[in-house]
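# Coordinate analysis (summary)
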Amino acid sequence: MKKHFLTNIKKSSGSPSFLERGPGGEVPPVGLSDSPLLGRGAGGGVTRWAAAFLLLLLAFPSFAQRATWIWYPGDYEIWLGNQMQNRRTERGTFFPVFWRMDSHYVLIDFHKDFDLAQPEEVELRAEGQYNVKLDGKPLTGAPTRLTVPAGKHRINIKVYNQATPPAVFVRGKTIASDASWLVTYEDKEWIDASGKTSDQSGTTWLQAGAWNFDAPEMLPSAFKLPTKALRAAKVERTSTGLVADFGRETFGYITLHGVKGKGQVAVYFGESKEEAQATETCETLEYLPVNQPQKGDQTTTLSKAFRYVNIRPGAGVSLDSVSLLYEYAPVAERGKFRCSDAQLNKIWDVAAYTMHLNTREFFIDGIKRDRWVWSGDAYQSYLMNYYLYFDTPTVNRTQFALRGKDPVTSHLNTIMDYSFYWFISVYDAYQYTGDKAQVQQLYPRMQSLMDYCLGRRNKDGLMEGLAGDWVFIDWADGLSKKGEVSFEQLLLCRSLESMALCAKLVDDQAGAQRYQQLATELKSKIFATYWNAGKGALVHSRVNGQPTDHVTRYANMFAIFFDYLSPTQEQQVKKSVLLNPQVPKITTPYMRFYELEALCALGEQPYVLKEMKSYWGGMLDLGATSFWEEYDPAKKGAEHYAMYGRPFGKSLCHAWGASPIYLLGKYYLGVKPLTPGYATYEIVPALGGLQWMEGTVPTPQGDIAVRCDTKQIKVRGAVGTGTLRFRSKSKPSCKGGKIASKGGSQYELTMEKGREYVVTYQAL
């Protein structure tokens, strides 16, 4: 089956785990220092959150309602995104983003109504200056404890904080702050001459935002990713200092041990040894001032990406050794894949490690250079996440951080296509998780962003780059962005379809009808304008009212997995575009992701397997320990490190390089949800030339396990109702399961939750 949710939108989220894959692939035992909220600071010491957790265990009875810190939805995510994205430096110089950065609302009102069987004492905490009202009456001062009488009552807490997002933590036996509380940034409350509060209000209340800050001392504003100390794999002493090799791409802080003297130490970072040694052109560096008469340790101030570090102490300064404080996001790797091909196993492992490194507070593009949240990069990370971690909170945070606030003054990241990926991602998330809450919270921001996009159409109702619009598509030499590019029209069409579906979820029936009508009209216009029957393809663009005769892969491959083509058109596109070497090749993993997905959707898994081994295997053959931003097999030597006119400008650890995770999980293990949250799902295993394969795919309620060889298929689902679809030369059998023949060597087996099925068959 070819459709996916970027593609097949016609058809209980997870939470951050306390287990993670370590830098060596191991899952360490859980302890205080391993918790996502009880990490170590840059100096390696256990943070104050460890003590907070112990106090939590000692101070509160087990029957207390689970409470968590809450805030205005999106505000903490925007604030945290600002903190992260403004850490970028290039050669020691601050390098901020070039799009508008929003901020949190500084004054927030939180409230909830309760009906208590007996009086209840609650604890109150806030980040900021605050007051408390019980049933509309203000309490004296800023109380930290409150007794709420039996009966029906409302608690209001109003918090002001200019520096960090206003947040509250409330906990009693049954009363607890959580996402069910209502919040607003303007309560529109007024009082008449008698002192009576208004009986009616135009206030818009939203459900509160939250994550997993579940103790009063776990201040959201104090959040840090955890770190762990690691040794270098190899240290080489040189005439100018030392060069440390940490064995593979990594991320964190460098600690220098036994530092003594007065002066400075220069630290040059490199994803390659050549970069670390190129002191005049390496992308990142740091100068550490030293004034230590006795030996001591010093740690770099900012986390960096590197494999190699070139450490050069200045005159009068000496040091003994170097180590790494590896900084990581504690996410559990639930998705698995193994097969009969050793190289493909290595590709999956390196893809998983690449994804691990680029999963931080948010899904970011790459760990060396930008370290920003880009919508196009994040969209692919969401899809890979659904087959590796199923870490829904990071998806939610990233979507909020990307969208920012109204009024809309530009496309997301200033890129036209990146606005469209964002719309599509919101409905995707619902399909995978089954959780409507994120859609409900984001829908007003979806409406305003879509209004902005529709307002930038030209007189013919098509998207065309205007002043301030970056029409990106892909990094490709000579790729035209002029006129009305077909690729952008396809993305807008799918975005409108996503809007229609999201509108139905929030009961905006008028909106659903409007968006679907716009999508239907645009789809007809796309094929009337861009489909060239002689070429058997969508042409790239229309300029000055005339379609060009230039064909590229982009619109055509998206049209396949958007299910916009007839079966005849699909075969034409496969032959005239996807398998045609005369059509310009794609050299970024970013768009190879979609190219190979389109081919998988057409049943070309054997061909895609060879392409994965050639393309991603080509990077491994060059010594890659994570996958790159761009890879052109025609380049040689240090040419592979260059990009953007700089000798080491390319990222050698880029999230969009990890797409084999998604391809192998969805199109080889063959697992995808058919209805939201895997209430129903299908498994369509495709060996694609492998002798055997096995793996797991995570879902909201557990994992789906698949093992397949040429004679046997073994499946188990922990959630929903599954349908196993497969082809067999001979009549298959399954003890305890009923196999239905669908004709043409096609068979189906309905799977019940929690049961294992073993099918004996003969692969075609």
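Residues numbered from 1 in each chain as written. Predicted model: local features only at pLDDT ≥ 70, side-chain atom pairs only at ≥ 80, totals over all residues. Heavy atoms only, no water.

### Examining the sheet that holds strand β22 (residues 484-485)
- As summarised here, the arrangement of the three strands in space is β22-β25-β26, forming an open sheet in which the pairing is antiparallel. Each end of this open sheet is capped by a strand with a single partner; those strands are β22 and β26 (546-547).
- Where β22 and strand β25 (residues 541-543) come together, two bridges link them in antiparallel fashion. Each bridged residue has a counterpart across the sheet, and for Val485 the counterpart in β25 is Ser541.
- Along the sheet, helix α10 (residues 509-530) contacts β22, β25 and β26; its crossing angle with β25, the most-contacted strand, is approximately 75 degrees. (Pairing = 2+ DSSP bridges. Helix = DSSP H or I, 4+ residues; strand = E, 2+ residues; numbered from the N terminus. Contact = heavy atoms within 4.5 Å. Axes fitted to C-alpha atoms, helices over the stretch in contact; angles between N-to-C directions.)

### Regarding unusual backbone geometry
- Pro407 follows Asp406 through a cis peptide bond whose omega is 0 degrees.
- As for its placement among the helices and strands, Pro407 is situated in the loop between α6 (392-403) and α7 (416-433).
- With phi around 50 degrees, Arg91 is a residue other than glycine that occupies positive phi space.
- One can find Arg91 in the loop between β2 (89-90) and β3 (93-94).
- The residue Ile473 is not glycine, and still its phi comes out positive at about 70 degrees.
- Within the secondary structure, Ile473 sits in the loop between α8 (437-455) and β22.

### Section: the environment of Arg360
- With respect to the element layout, Arg360 can be found in the loop between α4 (342-358) and α5 (375-386).
- The buried category is assigned to Arg360, whose relative accessible area is 5%.
- For the pair Arg360 and Asp435, spaced 75 residues apart in the sequence, the C-alpha separation amounts to 23 Å.
- Once you skip the residues sitting within four places of it in the chain, Arg360 turns out to touch Leu225, Phe251, Glu327, Tyr328, Ala329, Ile367, Thr394 and Arg397. (Buried < 20%, exposed > 50% of the residue type's maximum accessible area, 1.4 Å probe, protein only.)

### With respect to α8
- In this model, α8 (19 residues) spans 28 Å end to end at C-alpha, consistent with the 27 Å of a helix rising 1.5 Å per residue.
- The sharpest bend along α8 measures roughly 45 degrees and falls at Tyr443, with the proline Pro444 sitting one to four residues further on. (Expected span 1.5 Å × (residues − 1). Bend = angle between axes of the 7 residues up to and from the residue.)

### With respect to the layout of surface pockets
- Roughly 830 Å³ of internal volume is contained in the largest pocket.
- Around the largest pocket, the lining is made up of 32 residues, and of these Val684, Pro685, Ala686, Phe726 and Arg727 lie nearest the centre.
- Of all the secondary-structure elements, those providing two or more residues to the lining of the largest pocket are α13 (589-601), α14 (605-621), α15 (660-668), β32 (721-727) and β35 (746-751).
- When its residues are assigned to classes, the lining of the largest pocket shows 17 nonpolar, seven polar and eight charged. (1 Å grid on protein atoms, 1.4 Å probe; cavity = no way out; pocket = protein on both sides within 12 Å on 5 of 7 lines; lining within 4 Å. Points joined across faces, edges and corners; volume = space filled by probe spheres on them. Nonpolar A, V, L, I, M, F, W, Y, C, P; charged D, E, K, R; others polar.)

### Considerations on the nonpolar core
- Ranked by size, the top nonpolar core spans 205 residues in total, and within it Tyr421, Phe487, Phe558, Met591, Tyr594 and Tyr678 carry the most contacts.
- Discounting residues that sit within four places of it in the chain, Tyr594 has contacts with Tyr379, Gln380, Tyr421, Met557, Phe558 and Phe561.
- Formed by 23 residues, the second largest nonpolar core is a distinct cluster that contains Tyr72, Leu124, Val148 and Trp181. (Core = buried A, V, L, I, M, F, W, Y, C linked by side-chain atoms within 4.5 Å.)

### Observations concerning the packing of α5 against α7
- Following both chains from N to C, one finds α5 and α7 inclined at 15 degrees, their axes separated by 8 Å at the closest point. As judged from the angle between their axes, α5 and α7 are roughly parallel. In terms of crossing hand, the pair formed by α5 and α7 is left-handed. Here Ser375, Gly376, Asp377, Tyr379, Tyr382, Leu383 and Tyr386 of α5 lie close against α7, whose contacting residues are Tyr418, Tyr421, Trp422, Ile424, Ser425, Asp428, Ala429 and Tyr432.
- Split into classes, the residues belonging to the contact of α5 with α7 amount to ten nonpolar, three polar and two charged. (Parallel < 35°, antiparallel > 145°, perpendicular 65-115°, else oblique. Left-handed = near helix turned anticlockwise from the far one by under 90°.)

### Comments concerning the sheet that holds strand β27 (residues 671-673)
- Taken in spatial order, the five strands of this open sheet run β27-β28-β32-β35-β34, and their pairing is mixed. Whereas interior strands pair on both sides, the edge strands pair on one side only; in this sheet they are β27 and β34 (739-743). Going from strand to strand, the sheet's axes swing by 25 degrees on average, the running direction of each strand aside.
- With six bridges connecting them, β32 and β35 associate as antiparallel partners. Directly across from Gly722, in β35, lies its bridge partner Met751.

### A closer look at the pattern of salt bridges
- Tallying each qualifying case throughout the model produces 44 salt bridges.
- Here Glu275 ties to Lys368 by a salt bridge, and the two come within 3.3 Å at their closest N and O atoms. One end of the pair, Glu275, is in helix α3 (residues 273-277); the other, Lys368, is in the loop between α4 and α5, with 93 residues separating them in the sequence.
- Residue Lys368 is classed as buried on the basis of its relative accessible area, which comes to 3%.
- Among the ionic pairs, Arg646 bridges to Glu283, the shortest N-O distance being 2.9 Å. Placement of Arg646 in the loop between α14 and α15 and of Glu283 in the loop between α3 and β17 (284-299) is noted, with a sequence separation of 363 residues between them. (Salt bridge = Lys/Arg side-chain N within 4 Å of Asp/Glu carboxyl O.)

### Re the packing of aromatic side chains
- By the definition in use, this model includes 64 aromatic pairs.
- Taken together, a centroid distance of 5.8 Å and an interplanar angle of 55 degrees make the contact between Phe98 and Trp374 tilted. Note that Phe98 is positioned in the loop between β3 and β4 (107-116) and Trp374 in the loop between α4 and α5, a separation of 276 residues in sequence.
- On the numbers, 5.9 Å between centres and 80 degrees between planes, the contact of Tyr418 with Phe472 is edge-to-face. One end of the pair, Tyr418, is in helix α7; the other, Phe472, is in the loop between α8 and β22, and 54 residues separate them in sequence. The pair formed by Tyr418 and Phe472 is uniform in burial state, with each residue classed as buried.
- We note Lys228 situated over the ring of Tyr328; from NZ or CZ to the ring centre the distance is 4.8 Å. (Phe/Tyr/Trp six-rings, centres within 6.5 Å; stacked < 30°, edge-to-face > 60°. Lys NZ or Arg CZ within 6 Å of the ring centre and 35° of its normal.)

### Focus: the packing of helix α9 (residues 486-505) against helix α11 (residues 554-561)
- Relative to each other, α9 and α11 sit at 25 degrees, their axes nearing to 8 Å. With respect to α11, the element α9 is oriented roughly parallel. Judged by the twist between their axes, the crossing of α9 over α11 is left-handed. For the pair formed by α9 and α11, the contact residues are Ser486, Phe487, Leu490 and Leu491 on the first element and Tyr554, Ala555, Phe558 and Ala559 on the second.
- The residue makeup of the contact of α9 with α11, split by class, is seven nonpolar, one polar and no charged.

### Examining the environment of Met84
- Relative to the assigned elements, Met84 resides in helix α2 (residues 75-85).
- Take Met84: its relative accessible area is 5%, and that puts it in the buried class.
- Residues Met84 and Phe362, 278 residues apart in the sequence, show an inter-C-alpha distance of 8.8 Å.
- Ignoring any residue separated from it by four or fewer positions in sequence, one finds Met84 in contact with Glu361, Phe362, Ile364, Arg371 and Val373.

### A short note on the environment of Met557
- Note that Met557 resides in helix α11.
- For the pair formed by Met557 and Leu599, sequence separation is 42 residues and the distance between their alpha carbons is 8.1 Å.
- Residues in contact with Met557, not counting those within four places in the same chain, are Leu578, Ile586, Met591, Tyr594, Glu595 and Ala598.

### Regarding empty space enclosed by the protein
- By volume, the largest cavity amounts to about 300 Å³.
- Taken together, 22 residues form the lining of the largest cavity, with Trp99, Arg100, Asp102, Leu402 and Arg403 sitting closest to its centre.
- At the level of elements, α2 and α6 are the ones that each hand at least two residues to the lining of the largest cavity.
- When residues of the lining of the largest cavity are assigned to their parent elements, the largest contribution, four residues, is made by α2.
- Grouping the constituent residues of the lining of the largest cavity by class yields ten nonpolar, eight polar and four charged.

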